[in-house]
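Remarks on the overall topology
Read off the chains here:
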Amino acid sequence: MARVIVDVMLKPEILDPQGQAIARALPRLGFTSVTDVRQGKRFELEVPGPATEATLAEARKIAETLLANTVIEDFTLHLEQDA
């Protein structure tokens, strides 16, 4: 079994109100070393057997169609194979 990880983040030019709220809260909680926060989403897609190029292509299509709004978000795919 393999797992395809899809990380979705707002594009850099898009404002991130949730990230800004977290960044403002950190100093109040005593965390002063963080200068910026961007909030995103992570999806884990489990697939049977080892991941193939076709599996990755399908995961990319799923991300483009359903998981990410590609007008304002970017996504990356990562692969985790069972040992």
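What comes next concerns the included structure. Throughout this description, residue numbers start from 1 for each chain and increase along the sequence as written. Thresholds applied to this predicted model are a pLDDT of at least 70 for local features of residues and 80 or more for the giving and counting of side-chain atom pairs; totals over whole chains, interfaces and linings are not thresholded and use all residues. Water and hydrogen atoms were dropped before computing side-chain values, which therefore reflect all heavy atoms in the structure.

**Things to note about the sheet that holds strand 3 (residues 73-81)**
Only strands joined by at least two bridges in the DSSP assignment are considered to pair. Working definition: helices are DSSP H or I runs of at least four residues, strands are E runs of at least two. Numbering for both runs from the N terminus. Across the sheet, which stays open at both edges, the 3 strands sit in the order 2-1-3 with antiparallel pairing between neighbours. The sheet is open, and its two borders are formed by strand 2 (40-47) and strand 3, each paired with just one other strand. Neighbouring strand axes in the sheet, compared pairwise and without regard to direction, differ in orientation by 20° on average. Alignment of strand 1 (residues 2-10) against strand 3, held across 9 bridges, turns out to be antiparallel. By the bridge assignment for strand 3, Val8 is matched with Phe75. Across the sheet, helix 2 (residues 53-67) touches strand 1, strand 2 and strand 3, and the angle it forms with strand 3 is around 145°. Only the stretch in contact is used when fitting a helix axis, every axis being a line fitted to C-alpha atoms; angles between N-to-C directions are given from 0 to 180 degrees. Contacts are assigned to residue pairs with any non-hydrogen atoms lying within 4.5 Å of each other.

**Side note on the nonpolar core**
Within the largest apolar cluster, 8 residues are counted, these being Val4, Val6, Val8, Leu56, Ala59, Ala63, Leu67 and Ala68. Elements with a minimum of two residues in this core: strand 1 and helix 2. Residues within four places of Leu56 in sequence aside, it is in contact with Val4, Leu77 and Leu79. Among buried residues, the Ala, Val, Leu, Ile, Met, Phe, Trp, Tyr and Cys ones that are joined through side-chain atoms within 4.5 Å form a nonpolar core. Accessible area is worked out with a 1.4 Å probe on protein chains only. A residue is then buried under 20% of its type maximum, exposed over 50%, and partly exposed in between.

**Structural notes on the environment of Val47**
Tracing the backbone shows Val47 in strand 2. Along the backbone, Val47 and Val34 are 13 residues apart, and their C-alpha atoms lie at a distance of 36 Å. Aside from chain neighbours lying at most four places away, what touches Val47 is Met1, Ala2 and Thr55.

**Quick notes on the pattern of salt bridges**
When a carboxyl oxygen of Asp or Glu lies within 4 Å of a side-chain nitrogen of Lys or Arg, that pair is called a salt bridge. Enumeration over the complete set of coordinates arrives at 6 salt bridges. Its salt-bridge partner being Glu44, residue Arg42 comes within 2.9 Å of it at the nearest N-O pair. If you follow the salt bridges from partner to partner, you end up with Arg3, Arg42, Glu44, Glu46 and Glu80 in one network.

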